[in-house]
There are 2 protein chains.
Amino acid sequence: MANKPTADRAGTAATLQRGKACLRCRKRKMKCDGVKPACQQCVRAKKGDGCEYDDGKGKTRTQLLKETISKLEDRVRELETPSGVPASVMLFDPHDFSGSSPDSFGSPDSTYLSAFPTASDSSASPSTSWSQLQGAASPLVGGPSLNDMFFDERHSPFQPSNDASVMLLDIFAPHARQCGLEIDMESLRQSVALPITEQRHSTFLNAIYLWACFVSRPEPLSQNEDHYLQLSLDALPDALQTGNFIDAIRASCLLSMYFLSNGRLAEGAYHASAAAALADQLRLGRQSELEDVKCMKAGAYEAERIFAFWQVFNLDRCWSVVLQKQPVLTDGPAPRSMITVPWPQEIAEYKMGHVSSSQVPTIQTFLSGSISANGFSSAALRVKASALLSQAHRLADKCYPGMKVSAQFIEEINNLEHVIALFCSTLMPIDQLDTLLLEEKYSTIVAHTLAQTAVVFLHRFFAAENQTSNEKCAQAARICASMIKRIGEKEFGFLDPVIGPSWSWVADSVVSRLDRLEMSWPLSDTSDVRAELATFAFAMSTISLHFPVVAPALSRVQKRLV
Amino acid sequence: MANKPTADRAGTAATLQRGKACLRCRKRKMKCDGVKPACQQCVRAKKGDGCEYDDGKGKTRTQLLKETISKLEDRVRELETPSGVPASVMLFDPHDFSGSSPDSFGSPDSTYLSAFPTASDSSASPSTSWSQLQGAASPLVGGPSLNDMFFDERHSPFQPSNDASVMLLDIFAPHARQCGLEIDMESLRQSVALPITEQRHSTFLNAIYLWACFVSRPEPLSQNEDHYLQLSLDALPDALQTGNFIDAIRASCLLSMYFLSNGRLAEGAYHASAAAALADQLRLGRQSELEDVKCMKAGAYEAERIFAFWQVFNLDRCWSVVLQKQPVLTDGPAPRSMITVPWPQEIAEYKMGHVSSSQVPTIQTFLSGSISANGFSSAALRVKASALLSQAHRLADKCYPGMKVSAQFIEEINNLEHVIALFCSTLMPIDQLDTLLLEEKYSTIVAHTLAQTAVVFLHRFFAAENQTSNEKCAQAARICASMIKRIGEKEFGFLDPVIGPSWSWVADSVVSRLDRLEMSWPLSDTSDVRAELATFAFAMSTISLHFPVVAPALSRVQKRLV
DNA sequence: GCGCGATTATCGCGTCCATT
DNA sequence: AATGGACGCGATAATCGCGC
Ligand SMILES: [Zn+2]
Ligand SMILES: [Zn+2]
Ligand SMILES: [Zn+2]
Ligand SMILES: [Zn+2]
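Residues numbered from 1 in each chain as written. Chains lettered and ligands numbered in written order. Predicted model: local features only at pLDDT ≥ 70, side-chain atom pairs only at ≥ 80, totals over all residues. Heavy atoms only, no water.

Here we take up the overall build of chain A. Along the backbone of chain A there are 21 helices and zero strands. For chain A, the proportion of its 562 residues judged to be buried stands at 52%. The long-range share in chain A, meaning contacts at least 24 apart out of those at least 6 apart in sequence, stands at 69%. (Helix = DSSP H or I, 4+ residues; strand = E, 2+ residues; numbered from the N terminus. Buried < 20%, exposed > 50% of the residue type's maximum accessible area, 1.4 Å probe, protein only. Contact = heavy atoms within 4.5 Å.)

What follows is the structure in C-alpha cells.
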C-alpha cells in the first residue's frame, strides 16, 4: 500500500509527484509542498497569489504534447479554410431563429437540439453555447521556425475544429442508440483532443457529424448534412484500404441508416449490404479467439468488434425487411458460419473488463426458444427484436397465394410465435415504460413494436381465412397503438427510424382488417378500427417529419382514412 | 557494478541501448545485436541488405512529437502572415533518391499489351505503340516523384484526354469479358467523343481505365492504377446520388473484381455485396415490365440492365464461394423474388432489337434440369457455370463432420450433378477448343473449369469414404488439368480471374487424394497424381502473376509438392 | 520464423538538496 | 535567489516468450 513515492505516514512529504510542483518552485528549484491554492514557499515569499500550477490534470507529458499537436492542427485547419464558407456555415447560431423554417415545425425551443425532450437538466451536455465556441480562439504559441512541410497527407479540407467536433458529438450523443451506434461516447469525446492520426478514422467521425446535423433538422446546422456526407463517403475507400475495417463498417452503417431514413433506398441498400459483407469477411460474427481479455486495449477492441457486429446485424436484419430482400449477414447453416459472438453488454461492463462468452450460436439458440442467462442488456434486447422481425419475415415471405401449407410450416410459425411471446415477457411492460430512463424507454418501445410486427408478419397471410390469426393481428396492432399513445410528440425524433416502416406494416394489417370488415358487414361500426388506424397515421406522419422514408406508406394509410 | 547497459566485458551484449536496434528487429520485436551494416537477425533471415538503422539523430518519440509541434507552429505562423512570404516549400527532401526508376521489366514485346496473344492481325486492336500510348494516355506515367505525391490533391482531375480514353478502351477491350463486362465496346468507344454529360458516368469509365492499366502490368501504364482507382471510387457516391445506378453497379463490379483479383478481399467483398444489393433494389433480376421494346434507346437500356444484372450475378455467385459467404443476390424462394430476367444474348442480337423474354424463373428452371431453347450465348453459358458453382457450394457447405446424410440430400446432389453433366454437353468439347474465337475459347475454358469445380464440391466431402466420389473428383481434376495444357502461357492473362481460386479448389482435392493414397499404400507410385498437381501448381503460379489472389493457395500446393 | 502481449531495462526529465 | 547536479520516477525502447 501507499506506494506514494513519499508520504511517510504522517505529513512528511519527501518528494512531490512529477508535475505537481508549482511553477515558481520549479523555476527556483526549491521544494514545493504542492498545496493549493498556494504552496508554503510561495506564501513565505509573499507571492501567494502568484502560486500557479500547470493544468496537468491526469495528463502525461506525452498526452500534453499530443494535445498541443491537436490544437495546432485545428488551428492550421482553420487558417487553411479558404476565407471560409463551409467552416463558418456550421457556426450558425442555432438560437438565431430569424430566418429559419417557414413551415412551423413546432415551437422553437431547444429540444431540437440534443437534450432529451423531458430530460432533467442533469444531462451531460456541456454548457458551451454557440457564441462561446465562435469566440474560442486557439491559443497560439510562438516557437522556432523550421520550414518543412508536414508530410501528413490527407487532411481533408473543412474538418470541424476540435471544439466544434465536441459540440457535434454532444448533439449526437442522445441519438446514438437510435441509429444503432452503441459506443462509449465519453472516450470518443475525449479522443478528438488527440492528433488526427490517433483519432477514429474520418469516415466514421464524419458519419457521426452527419447524423448530428441530421437530427438537428430543421436547425441551420442541418445545412451541413451534405458536407459531412461528402466527407464521410470520400474517406470510406481510404478506411478500407488502410485496414480501418471497424471504422469503415460503423461508418457504412451510419451512412446507410441516413440514406434509408431519408428514403434514399438504393444508396441505403448499397451501404448496408457492403457493411454486412465486410463484417462477414472479418468474421465478426464468430466469437473471437482471445478467450480472456487481458489488457485494457484488447478489451476495448473486442468491445468495438462486438458492438460493430451487432450494429450491422440490426441494420441488416431490420432493413432487409424494409427493402424486401434477403438479409446478407451469414448465420449458418454450417456450424462454422453461425453467429457465435456474445450478446452485447452494457458499455460499463466492457469498461470493467467483463466480457461474457460462450461458443453457442447466439441467435439460433435464441430463436429456438432456449432461455439464456445473458443477453438482457438493452442492446441485446434490441438485437433480439431484429432477429425476430427478420425471422418472421422470412417465414412470411414463403407464403404466396395458392401455396400449400405444410404442417411443418405451421409448426415453425407456432414456434416462432412462442419465442416472441417469451421475448416480450423479458421487456419492461408497456404500462411501466415511464419508469425507465428515456434512452431505455425509446429502445424498449422499438423492441416491443418490432416484436408485434413480427407477430403480424406471421399471421397476416392467414388473417382473412383464420379467425385466430385475424385476432392475433388485431391484438398486435392494439399493443402498438397503445404504445404510440405513450410517446410524447417531441419524443418521436428519438426513436429508431425502423419503427416507421414497422408501424406501416402493422397499419397495413389494420387496413386489411378494415377492408374485410366493411366487405363482410357493410353496415357495422368500424369507428374503433378507424380510430386505431388514425393513431398509426398520426405516428407515421409525426415520424415522417424526421424520417421521410415512411412518407409513401403514410400517404397510403391516409388515403384509406379518407 | 556492471549494470553497464550493454557490453558485459566480452561480447555478451545484454540489452542494446535505446535507439540502437535495427528497424526490422524493432518491428519483429526480437533481439538485435546492433551490428552494422547488418545485424545477425537480418543476416540469418537473408534480409541482410535490408537491415537498416534509423539515422542516429534523436528520434525518441517525444522528440518526434516536439518536432511535429514546431512544424505546425511554423505552419501556423506562415498562414497567419497576411502578406506572407510564400514560405519556401520543402527545401529538402530527406527521401529524395533522385532517379529511382522502377527496375526495367522484361522485354517490352507487345504481348503485355492487350491484343490477344496469338491473335491474327485481323484483330480490332489498334496498332498503337507503347510509346504513343505513354505519351498520350497517361499524364502520370513518368515515375511519380515524391514531390508529385506531396502536391497530389486527392482529386487531381487528370482525366485522360479523348484520344487517351480511346486508347485505354482499346487496351481494355480484349479483357472485357474476362472481368465480366459484357458491353458494346464499339459504342462505348464512340461515346468518348460526346460531351461529358452524355457519356457514361465517370465512376464507370474510370473503373474501365483502371482495368486497362491493371491488365497492362507490368508495363509502365500500370502505374496509373491507383490514379484511376481513386477517381472511380471518388465518383461512386455521385453516381448513386444522381441515379446512375447501372453505371454504379457496373463500376462496383469492376472495382470489386479488381480488388478480389489482387487479393484485397475485404474491399472486394465490400463492393461486390454493395453491387448485388443495388441490383436487388432495382429489381434487375425481374423481367422488366416493358414487354416490347419500341425505340432503339429503350432497347439499348434494356440490354444494359440485363448485362449489368448478369455481371453482378457472376460476381456474386462465384466470389461468394471464394469468400466463403452466402451469395447476396436474391433468387426466391417467393415467386415474386425469383430471377426471371432472360438469359444474356449476344450483343449483336440486342443491337438488332431482339430481346427474348419469358416469365419463367431463369436460374431455378435451369438448375432444376429443364432444357430451354435459349441461353446458349457464351455469356449465358458463363452465367450458368456461375450458378452451378454456387449451388454446388451451397450443398457442400451443408456438410460437416458428423452430419447425418439424408436421402433427400443425396437426391439433391445427384440432381445437380446431372444438371452439370447436361450443361457440359452444351459447351464446346475440350478437344475442339481451338476452333473457337479466342474470346470464346477463354470463356469456354472458364465455364468448363467452373463446372468441374462444382463436381468436386459435390463429391469432395465423400471422397474419403466413397470410391465413386473419389473417382468423380479425380475425373474432374483430370479434365481441368487437360484444359490447362491447352492454355498458352500468354493466354493466362485473359482468363476470368475466378479460375485461379477454382483451380486451387480442384488442386486441394488432388492433394487430399494424394494424402489418402500415401496413407493407404505408402509404397505406391504416386508420380501421376503428383504430375497432375504440378500442372495445377504451374497454372496457379502463372495466373498469380496476373491475379495475386491465388498466391496463398499456390504456396500451399507448392509446399505439398515439396 | 511471425505477430504480439507481457516484461525488463534505459534514459529523459522533474524534483529539490546543497552550494554559491 | 540562482543553479549544478544527485536522485529516482515513469515513459518508452528492447526483448522475451508463447501460440501458430
Ligand atoms: Zn511551490
Ligand atoms: Zn507556489
Ligand atoms: Zn537487428
Ligand atoms: Zn537488422
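Below, the discussion takes up the UniProt feature "domain: Zn(2)-C6 fungal-type" (unreviewed entry) in chain A. The sites that UniProt annotates as "domain: Zn(2)-C6 fungal-type" (unreviewed entry) are residues 21–53 of chain A. In residues 21–53 of chain A, the share of helix is 33% and the share of strand is 0%. The end C-alpha atoms are 7 Å apart. (UniProt positions renumbered as here; feature names shortened; annotations may be inferred.)

Take the interface of chain B and chain A next. Each partner contributes to the interface: chain B provides 60 residues, whereas chain A provides 62 residues. Roughly 5,800 Å² is buried in total at the junction of chain B and chain A, and carbon and sulfur atoms are behind 62% of that figure. By the criterion of area lost to chain A, the three top residues of chain B are K71, L72 and Y270 of chain B, representing 12% of everything that side buries. Counting across the chain B and chain A interface gives two salt bridges. In this structure, the salt-bridge partner of R336 of chain A is D397 of chain B, at a minimum N-O distance of 2.7 Å. The tally of links between chain B and chain A comes to six residue pairs in polar contact (both at pLDDT 80 or more). (Buried area = accessible area lost by both parts, 1.4 Å probe. Salt bridge = Lys/Arg side-chain N within 4 Å of Asp/Glu carboxyl O. Polar contact = N/O pair within 3.5 Å; in protein donor to acceptor, adjacent residues only side chain to side chain.)

With respect to spatial proximity, 18 residues lie near DNA strand D, and among them R28, K29 and T62 of chain A together with R18 and G19 of chain B are the closest. Across the atoms of DNA strand D situated within 4 Å of the protein, the share located in sugar and phosphate is 53%. Side-chain polar atom of K29 of chain A to a base oxygen of DNA strand D: 2.4 Å apart, as the coordinates give it. Between K29 of chain B and DNA strand D, the recorded distance is 2.8 Å, taken from a backbone N or O atom to a base nitrogen. (Near = heavy atom within 4 Å.)

In this section: the coordination of the zinc ion (ligand 1). All names here are of chain A. Those protein atoms acting as donors to the zinc ion (ligand 1) are C22 (SG), C25 (SG), C32 (SG) and C39 (SG), and they sit at 2.2 to 2.4 Å. One can describe the donor arrangement at the zinc ion (ligand 1) as tetrahedral, given that its four donor atoms subtend angles of 98 to 115 degrees at the metal. The sequence motif formed by the donor residues of the zinc ion (ligand 1) is C-x2-C-x6-C-x6-C. In this structure, the zinc ion (ligand 1) lies 2.9 Å from the zinc ion (ligand 2), and both are coordinated by C22. Highlighted residues: C22 in the segment before α1 (23–28) and C39 in the loop between α1 and α2 (40–44), separated in sequence by 17 residues. (Donors = N, O, S within 2.8 Å, 3.2 Å for Na, K, Ca; no water. Tetrahedral: all angles 85-135°; square planar, octahedral: opposite > 155°, others 65-115°.)

What follows is about the coordination of the zinc ion (ligand 3). Tetrahedral coordination by four donors places them ideally at 109.5 degrees to one another around the metal; octahedral coordination by six donors ideally gives 90 or 180 degrees. Residue and element names in this part refer to chain B. Bound to the zinc ion (ligand 3) are the protein donor atoms C22 (SG), C25 (SG), C32 (SG) and C39 (SG), situated 2.1 to 2.4 Å from the metal. Its four donor atoms give the zinc ion (ligand 3) angles of 97 to 116 degrees at the centre, a pattern that matches the tetrahedral case. Here the zinc ion (ligand 3) and the zinc ion (ligand 4) are spaced 3.0 Å apart, linked through C22, which binds each one. Given the relative accessible area of 0%, C39 is considered buried.

What follows deals with the packing of helix α18 (residues 467–484) of chain B against helix α19 (residues 499–520) of chain B. Residue and element names in this part refer to chain B. In the contact formed by α18 and α19, the axes pass within 10 Å of each other and the chain directions differ by 130 degrees. It follows from the interaxial angle that α18 and α19 lie oblique. Regarding α18 and α19, the two cross each other, and that crossing is left-handed. Of the residues in α19, those touching α18 at N470, C473, A474, A477, C480 and I484 are W503, V506, S509, V510, R513 and R516. A breakdown of the residues in the contact of α18 with α19 according to their chemical character gives eight nonpolar, two polar and two charged. (Axes fitted to C-alpha atoms, helices over the stretch in contact; angles between N-to-C directions. Parallel < 35°, antiparallel > 145°, perpendicular 65-115°, else oblique. Left-handed = near helix turned anticlockwise from the far one by under 90°. Nonpolar A, V, L, I, M, F, W, Y, C, P; charged D, E, K, R; others polar.)

This part takes up the packing of aromatic side chains. All names here are of chain A. All chains considered together, the criterion is met by 32 aromatic pairs over all chains. The structure contains a cluster of three or more aromatic residues connected by ring pairs, namely F309, W310, F313, W343, F366 and F423. Lying across the ring of Y53, K36 places its NZ or CZ 4.9 Å from the centre. (Phe/Tyr/Trp six-rings, centres within 6.5 Å; stacked < 30°, edge-to-face > 60°. Lys NZ or Arg CZ within 6 Å of the ring centre and 35° of its normal.)

This part takes up the packing of helix α17 (residues 438–460) of chain A against helix α19 (residues 499–520) of chain A. All names here are of chain A. With their axes 9 Å apart at the nearest point, α17 and α19 run at an angle of 35 degrees to one another. Where α17 crosses over α19, the handedness of that crossing is left-handed. Where α17 approaches α19, its residues I445, V446, T449, L450, T453, V456 and F457 are matched on the opposing element by I499, S502, W503, W505, V506 and S509. Across the contact of α17 with α19, the residue classes break down as nine nonpolar, four polar and no charged.

Here helix α6 (residues 162–172) of chain B lies mainly inside the structure; nine of its eleven residues are buried. Among the residues of α6 of chain B, those classed as buried are A164, S165, V166, M167, L168, L169, D170, I171 and F172 of chain B.

Here we come to the protein's contact with DNA strand C. Taken together, 24 residues form the shell around DNA strand C, and within it L16, R18 and K29 of chain A together with R28 and K29 of chain B come nearest. Protein-adjacent atoms of DNA strand C, using a 4 Å cutoff, are sugar or phosphate at a proportion of 62%. Of the residues belonging to the surface near DNA strand C, the class tally is seven nonpolar, four polar and 13 charged.

This part covers the environment of L433 of chain B. Residues and elements named next belong to chain B. Counting through the fold element by element, L433 comes out in the loop between α16 (407–425) and α17 (438–460). Of the residues examined, L433 reaches a relative accessible area of 0% and is grouped as buried. Taking the C-alpha atoms as reference, L433 lies 29 Å from R250; in sequence the two are 183 residues apart. Every residue in contact with L433, bar those within four places of it in the chain, is listed here: M428, K441, T444, I445, M483 and R486.

What follows concerns the pattern of salt bridges. Using the criterion set out here, one finds 45 salt bridges over all chains in the structure. R200 of chain A is paired through a salt bridge with D247 of chain A; the nearest N and O atoms lie 2.2 Å apart. Placement of R200 of chain A in the loop between α7 (185–191) and α8 (202–215) and of D247 of chain A in helix α10 (residues 245–261) is noted, with a sequence separation of 47 residues between them. In terms of burial, R200 of chain A and D247 of chain A fall into one category: buried. Across the pair R217 of chain B and E225 of chain B runs a salt bridge whose closest N-O atoms are separated by 2.7 Å. According to the relative accessible area criterion, R217 of chain B is partly exposed, its value standing at 27%. What you see here is one network of salt bridges that share partners, running through R200, D247, R250 and E304 of chain A.

What follows is about the environment of Q159 of chain B. All names here are of chain B. Along the chain, Q159 turns up in the loop between α5 (146–151) and α6. For the pair Q159 and N206, spaced 47 residues apart in sequence, the C-alpha to C-alpha distance is 8.5 Å. Sequence-distant contacts of Q159, defined by excluding residues within four places in its chain, comprise N206, Y209 and L231.

All right, on to the nonpolar core then. Residues W503 of chain A together with W503 of chain B are the most contacted members of the largest nonpolar core, which totals 284 residues. It is helix α12 (residues 296–322) of chain A that provides the largest number of residues to this core, a total of 13 residues. W503 of chain B has contacts with T449, I484, I487, F492, L495, F536, A539, M540 and I543 of chain B, leaving out every residue within four places of it along the chain. (Core = buried A, V, L, I, M, F, W, Y, C linked by side-chain atoms within 4.5 Å.)

Residues and elements named next belong to chain B. Along the chain, S377 turns up in the loop between α14 (362–367) and α15 (378–397). What makes S377 buried here is its relative accessible area of 9%. Non-local contacts of S377, meaning those with residues more than four positions away in its chain, are made with P344, Q345 and E346.

Moving on, we come to helix α20 (residues 527–546) of chain B. Because each turn of an α-helix spans 3.6 residues, side chains separated by three or four positions end up pointing in the same direction. Residues and elements named next belong to chain B. In this model, α20 (20 residues) spans 29 Å end to end at C-alpha, consistent with the 28 Å of a helix rising 1.5 Å per residue. Three or more residues of α20 are buried, namely V529, E532, L533, T535, F536, A537, A539, M540, T542, I543 and S544. If you follow the buried residues of α20, they end up packed against α18, α19 and α21 (551–561). (Expected span 1.5 Å × (residues − 1).)

What follows deals with the environment of Q287 of chain B. All names here are of chain B. Residue placement: Q287 occurs in the loop between α11 (265–281) and α12 (296–322). For Q287, a relative accessible area of 10% gives the class buried. On a C-alpha basis, the gap between Q287 and M338 in space is 9.8 Å, while along the polypeptide they are 51 residues apart.

All right, on to unusual backbone geometry then. A cis amide bond, omega 5 degrees, links K36 of chain A with the succeeding residue P37 of chain A. You can see P37 of chain A is positioned in the loop between α1 and α2. Following R217 of chain B, the chain continues to P218 of chain B via a peptide bond in cis, the omega torsion being 0 degrees. One non-glycine residue, K29 of chain A, lies in positive phi territory at about 55 degrees. With a relative accessible area of 76%, K29 of chain A lands in the exposed category.

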